[in-house]
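# Structural description and commentary
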Amino acid sequence: MKKPYVLFIFIICFFIKLIESQLTPSTNETTIFATTINSTFIAYPKINYYCSFQIKILIKTQVGTTITSFSTSTNNGQFKKQLNNDNFYYFINTPNDQKIGTTTQQTLTFIASDNSKQTYQLITTCLDIDVSKLKVVDSSKPFAFSGFFFYYIILEGLEPGYHYNAIPLDYSQNLSTSSKIEYTTFHPYNYLVKIQPQNIVNLTQEYSITMKFNNSVGKTFSFKLDSYYSFFDEKDLPTTHFQTFFPLNILLSTSNYTQMSNGYQPLFTSILNTNIMFPYQVFYYYFSTPTLPLKGSKGNMIFIGAIDDGGNSGFQFNSSLISGNGTSVDIETLTTKINATPNKKIEIVTESVLFANYISFHFFVLPFRSSNGYPFYPLKYTYINSFIEDWPFGFFSGTNLNYSHKVNFPILINLSPNVTLNFHIEDVSYGVSILASNSIQPILKSYSFNRITNINYLLLLDIESVNGVGSISFYDSEIPIQFSLISGTIYNGRFELVVSLFDNSRLIIKDIFLNSLILKNGDPFSINPLITFNYPQSLNYDLNVNDFANISFFRNNLDLNLENDTYNVIYLNSPNIPQDTPILFSLLDIISVPIIRNPEEYSIPINEFIYNSVSGSFECKFILPKNNMFGEIPFQIKIGNSILYYNNLMKEKLIVNNTVLDYQGPIFSSFERIGNDLEILTTPVTIGWKFNITDDLNGFESGYIKVMGSVDSSTYHFNFTINDAISGDKFNCQFQILINVSQPCITQEYRIVSVILYDTNKVSSKFVLNGGPFSIITPFINFLEEGIDITILPFTCTGSTMFDSKPTLLSFISSKAIIDVALPNRSISFDFSIDPGTNGIKQDQLPIIYLTTVDTKVSKCYSKLISYNANSAVYNCSTELPLDFGYPGQIAISMYGIVNNGGYFYGYTTQDIASITNSNCYLNTTFSNNIPIITSSDKYYSDDNGEIIIYGRGFSNVNLISITYSDNGLSPNSATPISIYGSSAIKISGIKKTEKLFKIKVLRNDGLISNEFSIQPIYFSGPPKPIPTQSPTNSPTTSPTNSPTNSPTNSPTSSPTITPIPTITPIPTNEPQKCQGNPECGGKNQGYCSSTTGCICYPPWIGTTCSSQIIIVPQPSINKTNPQIEIPTAPTESNGQSSAETNSEESQKMIFKSLISLVSLRELDFNNKEVNSYIFDQWIYTPINQFKNQYFTTISNTNITATLEWFNQSTFIQFANQNLTMNPSSIKYTIEISKYQFSSSLNQLQLVMAASLTSNSNDICSLNQFGNTSTGDDSNYLKIQIENHSLYGRFIKRAIIDNTVKSISNVLLDSSLNIIDSSTSSLQSYIGITIPFYSDSIIVDPDFSVLIDSKSASDQDNSICTNKKSGLTTAQLAGIIIGSVAFAAMIVIITIYVLVKRNNQKKFIKAVNKKMIEMKG
């Protein structure tokens, strides 16, 4: 029996020893010692059928010796030194991917400065997969996105630790090569299958998928998934399709279509009678391309597709249009002839790089020539950074047919020997020789993260760098982040930056010579002692999809046939998700994410979930655009590095029931040339285009057209909106764009090189000359037959000739030679003049000044013409440089875009400007630390509560914020910071409710003022839902519903948001309470336990144990004498509805009455001794509306106004900057007290209120409770209970005192007033609302509700009962009785046991055990 255990222990010990020995010395270690850190030597494949390893090795040498060289026996992968401190070294060995089921061995060699040598054997093993254990046990209903179908599956049988991103599929099953399987962290659905079917014949046939685990035959696993279309009723699938082609005659044998420009294929639209959003229809030529939804509604949709030439230019070829017809398909053969327009590329003839010095300024010039024509598209430049810049940048001289191109940048004086740096223009590389610097990388001495929001953190870094810190980034893209140097210098200082923990973040610190320190999560940055860089929280969450099942929406089953977008809120309610979890929400509908129409240019909108402590749920606002897709709207939720897509396990789906899609964008319905092929003599002429734009649903909003000269690149930009239309409305409007041409000029063509039109839903149509393969949504869809000619305006200039005469630069002066790029004001201006020369220059072509930096960044200054004559053209331009632009370093200045009247363009490099007397060809930069500057802010919605976080630098000593509004009805105001995060972020409040732009600037206590930062609120309509009405469950439903869940019907209504009021004193918050109740918090259907507050209840449950339920009662009658309200309550049913009819004799005779009143106002001294007391007697009554009444009285020249408001439904309100929810059938008292003459400034006021509950029955119990609420509203509560009925009062711990929010206290006065009439049938309490000394006014705001309790007063401790002679509650008595009976039974059992022990021991033990079990039961 023991042999298996011995064997098991042996195996464990063997593997422990094996793991320890993966890096083993070949000989005994004497002077060099190696250990590994957090390394894995045995792994399962991660991607496809390969394993990846990263071995981290710590080397220690003898004191005084260094490692001089290191090597590996293979060239497989990377082996590099990462860090060294004194005689400690940190190396990383990253072998290339290792094939599944193999073991490899490397020999690592280290040589020290004393010539000692040490070798190690490194063994890594890539484990195999037992495919016989693999099994798909479940799959979710698929969803469609971006032309793919997504399934979540549960795949069992994978060995522990097996993780991969993608596995290739067997494509013999008509699946696209883009189909794949991805690992997901959302258990139990641990894999996401992404499928794009090809050439399907039967739409309901299962998809057969084969996973390959090596690149040879035999190691496979196959499974099947139900077809996407099998989840729909056959009647919902389209059965008809009708095509229209553009051009109309494209299918005729006589057609001879020439592409309008490269990538602009013939198009077709297809009308389908489909009830699903993504029916099966593809264009097929070697591979399938799905058609795109364009317009229409459910049952009548129009789709659009392109006929790809497939490289068949100039001759006929056959392709196919495959359309679904029920569960089968129709295949239509398309025979077409397309003359393809080649994609023009610049032919670059490079010239030698020029290096130049000007005083203390060093720069280089990169020239090239081209004589094959400029194709009118921007060029890409890559050096330290990459950027794309359009004409005229770099165009030094020439015409479009033959030109010289030169760009210049400040030179990097030295470059890290570990970096290879070449300059690229397009695909052409220049070698730029730079002297090597030292290779000393920056040293991170310490770091810390401080949380700002769930998404953003403040990262503090103490860095030492002998070369000076140049940039810091925190993302894989290596884009530098703006940082603050809060102390020290760039050589040894403390740096601060705001980072977001997403996108596989890594910290990269570069010095000015590009030596870099790169740290991922868990990497050591110090090896003596060993300290690692760790994120404040994990990015790889191990999540259960069940935690996201309880999702709901504020609005659902939507109608998008509206003029406005739909404003919505998504609620995520899961007690298993920590409150500080960073969660992002993104819509994936085709309007919000137009990936299917333009895969190269799209972005996914991101919205942040915010945890609501009142409701206990995560909430996220979002806006669903109008005229959108119908059916289920896809979305994604991102948590750390994990993405959960919309899936069928969620209880509530986001559904659009009614909509008419408009996905086309505005199009030209007419397009005419004005002045085509004119001859320009002596009289100036006007040429251009007149066109009509139609957009029959969303309507046209704005557009941009760019026109360029075919010879001289003269450029004309036309921006226009619906307000510029010469006739029509937004659905059909007419415009014209005009260009004046006069002598002297040259014969050429003006060409439209780009068009982009937007509708009111931001859906665009676009034309770009040489536009590439994604040109399916074009505004010229109606003019493909006419072709490119309609975009070209040729004209002839009689008597003119081409004339190459470069204008002379006469002067060039900048307003500054040194600029501080850390100041709020970083403006600079330039004045320059040019001699136009004999032929003159075009006055409507304004040159642009370019400012370039050593790290390949560009800023532009657009000039304006001040004066012009035959001898001088005077220009000026002003601009503001980006923050930190060019620092540390210098900024080179160049100018391009001068066009003469003879057809040539010109520019001036930095070297040209340097040759001008008294010119400035460069700028020096400086940097002032900790100057206050606002650079960005969080999103701000128009219905937000007046709070926002702004980001920037220099905020550490801010004491005031100034806010101004563009809304003329709002006066400026100031506010104080709520929270300051280092010097980089501030949370502020006090923003008035507005939909218009407002501006913020901060003021420091040293007198420095920041820039004025503009914030445009995002318009948002509709209150959020604070508490989900759905009761939570511990696990989601196992089977999906066939129809969407309706949105909650009892969502609270909202009151207008009140302008936030300044808060000066700290407002107290309730301490976390221990969750009570049996079951805890009333059980899973009534509430849950929050570690930060206590029990959080689901409506209609309320109280510290969620065992009381709000009673819905009729509005009580109005008391016209005083602010006293009586709420009679009839017998109550279990659903909380007060009922007048019941068969219970007891309940028919039992009536409950609640009474609330204002009693008196007391002045107390600092010892809480009464100084003065005023009993409220006479009141003046004024009705306001059906639910609100006002009462007024005066005592001692002090006015008291009490406003009583009845709420018959759940409603949001705001008081003293606090959001509160008023329950249905509740009464709110708003008491305002004017100036009071205190006897002493040390005294305080106390407003006394009385609350009582009575019953007409005597044989009952009552209970009185007072304490802190646990719902997150930081209030006190008073609960007066008789039997199972209660009067519940909430007293918040804040008031508006002298127009400022301050803290107050609430006390129970039952013992001090000694006038409490309490019995079993009547219970009364007095509450004192204690207010500190004030000057002008105070406002307090308690409220009351009537409850039904699931636990009667007779079953609770400290209750008072009619027949309570023993002083014990019914529950206590029951416990004593049960305990006594149990004790007596035990005595009897033990006695019997002793008597028969010897003769019947076994039998008796069995009986005793049985009896004990019965008693426990």
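None of these values were measured; they are calculated from a predicted model.

Here is what the cut-offs are and how they apply
- Residues numbered from 1 in each chain as written.
- Predicted model: local features only at pLDDT ≥ 70, side-chain atom pairs only at ≥ 80, totals over all residues.
- Heavy atoms only, no water.
- Disulfide = S-S within 2.5 Å.
- Helix = DSSP H or I, 4+ residues; strand = E, 2+ residues; numbered from the N terminus.
- Phe/Tyr/Trp six-rings, centres within 6.5 Å; stacked < 30°, edge-to-face > 60°.
- Buried < 20%, exposed > 50% of the residue type's maximum accessible area, 1.4 Å probe, protein only.
- Lys NZ or Arg CZ within 6 Å of the ring centre and 35° of its normal.
- Pairing = 2+ DSSP bridges.
- Contact = heavy atoms within 4.5 Å.

## Some points on the state of the cysteines
By the definition in use, this model includes 6 disulfides. Note on cysteine connectivity: Cys 51 is disulfide-linked to Cys 126, with sulfurs 2.0 Å apart. A torsion of 75° about the S-S bond marks the disulfide between Cys 51 and Cys 126 as right-handed. Placement of Cys 51 in strand E4 (residues 50–51) and of Cys 126 in strand E11 (residues 117–126) is noted, with a sequence separation of 75 residues between them. Across a sulfur-sulfur distance of 2.0 Å, Cys 1081 and Cys 1095 are joined as a disulfide pair.

## Overview of the packing of aromatic side chains
In this structure the tally under the stated criterion is 88 aromatic pairs. Taking 5.3 Å as the distance between ring centres and 65° as the angle between the ring planes, the aromatic pair formed by Tyr 228 and Phe 232 counts as edge-to-face. Residue classification places Tyr 228 among the buried residues on the basis of a relative accessible area of 7%. Note on Tyr 1229 and Phe 1344: the rings are 6.0 Å apart at their centroids and 80° apart in plane angle, and the pair reads as edge-to-face. Here Tyr 1229, found in strand E103 (residues 1226–1233), pairs with Phe 1344, found in strand E113 (residues 1343–1349); they are 115 residues apart in sequence, far enough to count as distant. Taking the relative accessible area as the measure of exposure, Tyr 1229 reaches 0% and is therefore buried. Here Phe 1344 falls in the buried class, since its relative accessible area comes to 2%. Every member of this aromatic cluster is reached through a ring pair, and the members are Tyr 264, Phe 668, Phe 671, Phe 691, Phe 700, Phe 720, Phe 735, Phe 767, Phe 780 and Phe 783. When the ring centre of Phe 396 is taken as origin, the NZ or CZ atom of Lys 406, which lies over that ring, is 4.2 Å away. Lying across the ring of Phe 1020, Lys 621 places its NZ or CZ 5.2 Å from the centre.

## Details of the sheet that holds strand E53 (residues 583–587)
Reading across from one edge, E54-E53-E58-E59 is the order of the 4 strands in this open sheet, with antiparallel pairing throughout. Strand pairing shows two members of the sheet lacking a second neighbour, strand E54 (607–608) and strand E59 (642–645), which therefore form its edges. The sheet contact formed by E53 and E54 spans 2 bridges and is antiparallel. From the neighbouring strand, Phe 585 faces E54, where its bridge partner is Asn 607.

## Digging into the pairing of strand E98 (residues 1180–1183)
Here 4 bridges tie E98 to strand E99 (residues 1188–1195), and the two strands are oriented antiparallel to one another. Each bridged residue has a counterpart across the sheet, and for Pro 1183 the counterpart in E99 is Asn 1189. Taken together, E98 and the strand that follows it, E99, pair antiparallel across an intervening segment of 4 residues.

## Points about the side chain of Ser 1286
Along the polypeptide, Ser 1286 turns up in strand E107 (residues 1285–1292). For Ser 1286, a relative accessible area of 1% puts it in the buried group. Every residue in contact with Ser 1286, bar those within four places of it in the chain, is listed here: Leu 1253, Lys 1279, Ile 1280, Gln 1281, Ser 1345, Val 1346, Leu 1347 and Asp 1349.

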